[in-house]
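Examining the three-dimensional arrangement
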Amino acid sequence: MKKPTVVMFGVGAMGSIIARMLLERDAEIVGAVARSTVGKTLGEVSSLEGDAARVVVEADAAEVLARTKPDLVVMTIASYMEDVKEPVLTCLRHGANVISLAEENLYSWHTSPEDTAEIDRVARENGVTYTCSGHQDGYWVQLVATLMGTAHRIDEVRGKASWNVDDFGPELARDQQVGDTAEEFAAWLGTAERPPTFGRNSLHAVAAASGLTVEHSTTETEPVFATEDMRCAALDTTVPAGRVIGFTDIDVVTTKEGPRLVLEMTGKVYSPGEADSNAWVLKGEPDLDLENQVLPTHLTTCATLVNRVPQVLNAEPGYVTVAGLPRLQYMGGPISSHLA
Ligand SMILES: NC(=O)c1ccc[n+]([C@@H]2O[C@H](COP(=O)([O-])OP(=O)(O)OC[C@H]3O[C@@H](n4cnc5c(N)ncnc54)[C@H](OP(=O)(O)O)[C@@H]3O)[C@@H](O)[C@H]2O)c1
């Protein structure tokens, strides 16, 4: 099997780590698309070495795709359907499979059903697959669904997770409203345009992975404010005391079959000594729990996506969520050795 060819769509904090991991799994990077870094090489932007270091970042995705005809596009540009839909459709129409980190697309059948159906249709028409993976795939879906699979009866599954805005790039820091005043945050929260929470899409994926039917979803969001002036590396700025450094969402999903799913997720700029967390408690027969003591979320994000690559290349055409892919597994060898 030949090495898969890949176009990197987005070469920021995550795209750069993923590109390095893909090269270490013998993928061939044949193109790169971004905005502010157009004209620079992946050697300059992402510190890659070898042939990939000479790939030049370009602005016109359609032109790059038509020229390079990649097997796969790795998209790390944005979080929400409204921002990734057109770029994803462009890739699919060019006959490329796509794997992204767009949090909403982890499971977007409930939050953006029409757009999801359109992506599914275009993917099928072009014989390719679109999947979103990332940290949630492993830690908020697969581990949780496996824990649930060891229970006889479930009343509630409740997760609590946190991650550091500064482990990622400016895109995510802006999503977390870092730097807002209390008034700006309240105005954003109050708009009908506020996109779905990462927690909601993750719990919908847990439900899908567990054969549960989503009945109702609610979210409560609380801003976290800087108690003193704080450096935000992702935005290369100082957030004055009293401004927003991120927020906590509490998502609750009820299911027709009974289990109630809850996730309290905090994404904020950390103070010294704070660390990422992931803990889940299951109430039922029996009561169960799991907790991760060490969690470099930015690295698990990228490694999980890369481990999903052969499954996405092997998958049936369409919008295939991680709930519909085989079990997440370590890739012991080059990607090509895992292709059907
Ligand atoms: N699912 C997960 O587990 C997970 C984990 C981490 C991050 N994410 C998501 O992944 C995304 C990327 O994160 P990051 O930390 O890598 O962000 P980042 O450092 O800000 O990088 C974003 C990259 O995408 C490019 N870009 C953005 N919009 C674009 C567009 N419309 N067309 C072309 N290029 C575009 C940017 O180009 P310029 O710099 O040239 O503008 C940059 O190269 C974020 O939305 C984040 O929420 C998901």
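Residues numbered from 1 in each chain as written. Predicted model: local features only at pLDDT ≥ 70, side-chain atom pairs only at ≥ 80, totals over all residues. Heavy atoms only, no water.

We now examine the overall build of the protein. Within the protein one finds ten helices and 15 strands. Radius of gyration (C-alpha) of the protein: 20 Å, near the 20 Å computed for a compact globule of 340 residues. Principal axes of the C-alpha set define a box for the protein whose edges measure 50 × 50 × 35 Å. Across the 340 residues of the protein, 55% fall into the buried class. Considering only contacts in the protein between residues 6 or more positions apart, those separated by 24 or more positions represent 72%. With an accessible surface of roughly 14500 Å², the protein has 49% of that area assigned to carbon and sulfur atoms. Averaging the locations of the 27 positively and 48 negatively charged side chains of the protein gives two centres separated by 4 Å. (Helix = DSSP H or I, 4+ residues; strand = E, 2+ residues; numbered from the N terminus. Rg over C-alpha atoms; globule rule 2.2 N^0.38 Å. Buried < 20%, exposed > 50% of the residue type's maximum accessible area, 1.4 Å probe, protein only. Contact = heavy atoms within 4.5 Å. Areas by Shrake-Rupley, 256 points an atom, 1.4 Å probe, with all protein chains shown as cover. Lys, Arg positive; Asp, Glu negative; His and termini not counted. Charge placed at Lys NZ, Arg CZ, Asp CG, Glu CD.)

We now examine the environment of S210. Looking at where S210 falls in the secondary structure, it is placed in the loop between α9 (198–209) and β8 (214–225). Along the primary structure S210 and A145 are separated by 65 residues, whereas in three dimensions their C-alpha atoms are 6.2 Å apart. The contact partners of S210, leaving out residues within four places of it in the chain, are A145 and M148. A polar contact of 2.9 Å, which involves the side chain of S210, links it to the backbone oxygen of V206. (Polar contact = N/O pair within 3.5 Å; in protein donor to acceptor, adjacent residues only side chain to side chain.)

Let us look at the domain arrangement of the protein. Here the domain parsing of the protein yields domain 1 (5–132 + 299–338) and domain 2 (136–295). Relative to domain 2, the C-alpha centre of domain 1 lies at a distance of 24 Å. Taken together, the 21 residues of domain 1 in the interface contact 24 residues of domain 2. Buried area between domain 1 and domain 2, summed over both chains or domains, comes out near 1900 Å², and the portion from carbon and sulfur atoms is 65%. For the domain 1 face of the interface with domain 2, the top three residues by lost area are Y80, E103 and L106, together amounting to 30%. Applying the counting criterion to the domain 1 and domain 2 interface returns one salt bridge. (Domains from an automatic or database assignment. Buried area = accessible area lost by both parts, 1.4 Å probe. Salt bridge = Lys/Arg side-chain N within 4 Å of Asp/Glu carboxyl O.)

The next point concerns the site of the ligand. Near the ligand you find 27 residues, and of these S36, S79, H135, Q136 and G169 are the closest. L101 has a polar backbone atom sitting 3.2 Å from a nitrogen atom of the ligand. At a separation of 3.0 Å, an oxygen atom of the ligand approaches a polar backbone atom of E171. Out of a free accessible area of 930 Å², the ligand has 88% covered by protein chains. Comparing atom positions with the cavity grids shows the ligand to sit within the largest pocket. Those elements giving two or more residues to the shell around the ligand turn out to be α1 (13–24), α6 (135–148) and α7 (170–175). Counting residues per element, the shell around the ligand draws most heavily on α7, at four residues. (Near = heavy atom within 4 Å. 1 Å grid on protein atoms, 1.4 Å probe; cavity = no way out; pocket = protein on both sides within 12 Å on 5 of 7 lines; lining within 4 Å. Sits in = over half its atoms within 2 Å of the grid points.)

With that settled, the discussion passes to the sheet that holds strand β2 (residues 28–33). With parallel pairing, the seven strands of this open sheet are ordered in space as β3-β2-β1-β4-β5-β6-β15. Unpaired on one side and paired on the other, β3 (57–58) and β15 (318–319) mark the two borders of the sheet. Relative to β2, strand β1 (residues 5–9) is paired through five bridges, and the arrangement is parallel. By the bridge assignment for β2, F9 is matched with V33. Its contacts with the sheet place helix α4 (residues 81–93) against β1, β4 (72–75), β5 (97–100) and β6 (129–132), and it is angled at close to 165° to β4. Running at roughly 155° to β5, helix α10 (residues 297–314) makes contact with β4, β5 and β6 of the sheet. (Pairing = 2+ DSSP bridges. Axes fitted to C-alpha atoms, helices over the stretch in contact; angles between N-to-C directions.)

Attention now moves to the UniProt feature "domain: 2,4-diaminopentanoate dehydrogenase C-terminal" (unreviewed entry) in the protein. Residues annotated in UniProt with the feature "domain: 2,4-diaminopentanoate dehydrogenase C-terminal" (unreviewed entry) correspond here to residues 142–329. Within the segment residues 142–329, helix and strand shares are 28% and 36% respectively, and the terminal C-alpha atoms sit 10 Å apart. (UniProt positions renumbered as here; feature names shortened; annotations may be inferred.)

Two elements in contact, α4 and helix α5 (residues 113–125), have axes separated by 10 Å at closest approach and are oriented at 10°. Classed by the angle they form, the pair α4 and α5 counts as roughly parallel. Two secondary-structure elements touch here, α4 through M81, K85, V88, L89, L92 and R93 and α5 through D115, T116, E118, I119, V122 and A123. Counted by class, the contact of α4 with α5 contains seven nonpolar, one polar and four charged residues. (Parallel < 35°, antiparallel > 145°, perpendicular 65-115°, else oblique. Nonpolar A, V, L, I, M, F, W, Y, C, P; charged D, E, K, R; others polar.)

Right, let's talk about the sheet that holds strand β7 (residues 153–164) for a bit. The strand order across the open sheet formed by six strands is β8-β11-β12-β7-β13-β14, and the pairing between neighbours is mixed. Looking at strand neighbours, the two that pair on one side only are β8 and β14 (288–292), the edges of this open sheet. Along the sheet, successive strands turn relative to each other by an average axial angle of 10°, direction set aside. Here nine bridges tie β7 to strand β12 (residues 260–268), and the two strands are oriented parallel to one another. If you follow E156 over to β12, its bridge partner there is R260. Each of β7, β12, β13 (277–285) and β14 is contacted by α6, which is oriented at about 25° to β13, the strand it contacts most. With respect to the sheet, helix α8 (residues 182–190) is in contact with β8 and β11 (244–255), its orientation differing from that of β8 by roughly 170°.

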